[in-house]
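Understanding the architecture of this molecule
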Amino acid sequence: MTAVEYPVIADEDMPRWESWIEGITGITLEGRKRVLERCIYQRLLGCGVPSLEAYQRLFDHGVEGDMEKAALIDQLTVKDSRFFRNSKAMDAVGDYLLRRARELDGESSEFRIWSVGCALGQETYSLGMLASEQFAFTEVKWQVLGTDISPSAVVYASRGQYTDKQAERVSTHRKTRFFDKVDEDWQVQPHLRDKVSFGASNLKDIDSCPFADQDVIFCQNVLIYFRGDMANHIADELVKRLRPGGLLVLGAGEVSEWDSLAVTRWRSETVNAYRAR
Ligand SMILES: C[S@@+](CC[C@H](N)C(=O)[O-])C[C@H]1O[C@@H](n2cnc3c(N)ncnc32)[C@H](O)[C@@H]1O
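Residues numbered from 1 in each chain as written. Predicted model: local features only at pLDDT ≥ 70, side-chain atom pairs only at ≥ 80, totals over all residues. Heavy atoms only, no water.

1. Comments concerning unusual backbone geometry
Note: most peptide bonds trans; most residues except glycine with negative phi. Heads up, the condition is: Numbered from the N terminus, helices here are DSSP runs of H or I no shorter than four residues, and strands are runs of E no shorter than two.
Although it is not a glycine, Phe84 sits at a positive phi angle of roughly 45°. Relative to the elements of secondary structure, Phe84 occurs in the loop between helix 4 (62–76) and helix 5 (87–103). Phi at Asp183 takes a positive value of approximately 50°, unusual for a residue other than glycine. Along the chain, the position of Asp183 falls in the loop between strand 4 (179–182) and strand 5 (185–188).

2. Some details on the packing of aromatic side chains
The cut-off we apply is this: Classification of ring pairs rests on two measures: the distance between centres of Phe, Tyr or Trp rings, Trp counted by its six-membered ring, which must be within 6.5 Å, and the angle between planes, read as stacked under 30 degrees, edge-to-face over 60 and tilted in between. Relative accessibility decides the category of a residue: with a 1.4 Å probe and only protein chains considered, values under 20% of the type maximum give buried, values over 50% give exposed, and everything between is partly exposed.
Overall, the coordinates contain 14 aromatic pairs when judged by the stated rule. Seen from their ring centres, Trp17 and Trp20 are 6.1 Å apart, and the 75° between their planes marks the pair as edge-to-face. Placement of both Trp17 and Trp20 in helix 1 (residues 14–25) is noted, with a separation of 3 residues, approximately one turn of the helix. Overall, Trp17 belongs to the buried group, its relative accessible area being 5%. Overall, Trp20 belongs to the partly exposed group, its relative accessible area being 24%. Aromatic pair Trp17 and Phe59: ring centres 6.3 Å apart, planes at 70°, arrangement edge-to-face. Here Phe59 lies in the loop between helix 3 (52–58) and helix 4 and Trp17 lies in helix 1, a separation of 42 residues in the sequence.

3. Quick notes on the sheet that holds strand 1 (residues 110–116)
This is how it is decided: Only strands that DSSP links by at least two bridges are regarded as paired with each other. Here an angle of 0 to 180 degrees is reported between the N-to-C directions of two axes, which are lines fitted to C-alpha atoms, with helices fitted over the stretch in contact. Contacts: residue pairs with any heavy atoms within 4.5 Å of one another.
Taken together, the 7 strands give an open sheet; going across it, the order is 6-2-1-7-8-10-9, and neighbouring strands pair in mixed fashion. Strands with a single pairing partner mark the edges of an open sheet, and in this sheet they are strand 6 (196–200) and strand 9 (263–265). Sheet twist, expressed as the average angle between the axes of neighbouring strands with direction ignored, equals 20°. Pairing analysis gives 4 bridges linking strand 1 to strand 7 (residues 214–219), with the strands arranged parallel. Within the sheet, the bridge partner assigned to Val116 lies in strand 7 and is Cys219. With respect to the sheet, helix 7 (residues 151–159) is in contact with strand 2 (141–148) and strand 6, its orientation differing from that of strand 6 by roughly 170°.

4. Section: the domain arrangement of the protein
Keep this limit in mind: All the domain ranges listed were derived from an automatic or database domain assignment. When two parts are put together, the accessible area they lose, computed with a 1.4 Å probe and summed over both, is reported as buried area. Counted as salt bridges are all cases of a side-chain nitrogen of Lys or Arg within 4 Å of a carboxyl oxygen of Asp or Glu.
Per the domain assignment, the segments of the protein are domain 1 (11–76) and domain 2 (87–276). For domain 1 and domain 2, the distance between their C-alpha centres works out to 30 Å. Contacts between the two partners involve 11 residues from domain 1, matched on the other side by 9 residues from domain 2. Counting each side, the surface lost to burial between domain 1 and domain 2 is near 850 Å², with a carbon and sulfur contribution of 44%. For the interface between domain 1 and domain 2, the tally reads 2 salt bridges. One salt bridge connects Glu22 with Arg227, and the closest N-O pair in it is separated by 2.8 Å.

Quick look at the structure:
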């Protein structure tokens, strides 16, 4: 087995790494040198490359180098999620869906929910469970889309299989209704999985992002990794992708001093929820 040296990035080299990563992902690594070193170390172990110098040379190897750059970006993303993670934000969506279910009663409309930066999919399926509950006795054809920059997260989320620990925040009632027990794991049932889809999409390219006409956009614990002006720009672009009256729910601290004439604050002081005009 190759001996692998723990990578130490020189302070003067850090700005080059930061601007390269921010240029691709929008994520700022300012002050997070240790995180980058840890991720590179994981990649050195993964590729069996002995040192940072040898690893950097790998980047110049055509397609192989491009694949390794993508693998490092994937390693850098924080793919942490939980079912019904922010209960107040989820309750706000539940209330909104109930209201829309009443308004749309009898209409066979299409209703789109987008979970932005979905990581391993728990947030996306949570939104799907809420939609299934609130639209149960309506003609509404709803669907939920989860997107993430990380291809490995998208593959994981698409499987819809979670450990007991990952599923601990799902109530027994919802487990019975939406999951099957497969050995020690919980597998999302087909009736929910069929309405939930996942895709890789980079928020850095939000301006050309094709997803539009959304009824709910849920974006939590994602924009915190971007610089303030970029986070605000993404929030503006998300609003453009809402239908009139649609709901944008952002996490706490996701944007600072963001304001938009295209939305009104909705319902609650404790949740960053906005309705498109
Ligand atoms: C901490 S997780 C949040 C997951 C989920 N929204 C939640 O709150 O449970 C952040 C996710 O944002 C994704 N992400 C980071 N930069 C991104 C970008 N430029 N485009 C799309 N997704 C991105 C990461 O890959 C990661 O899966």
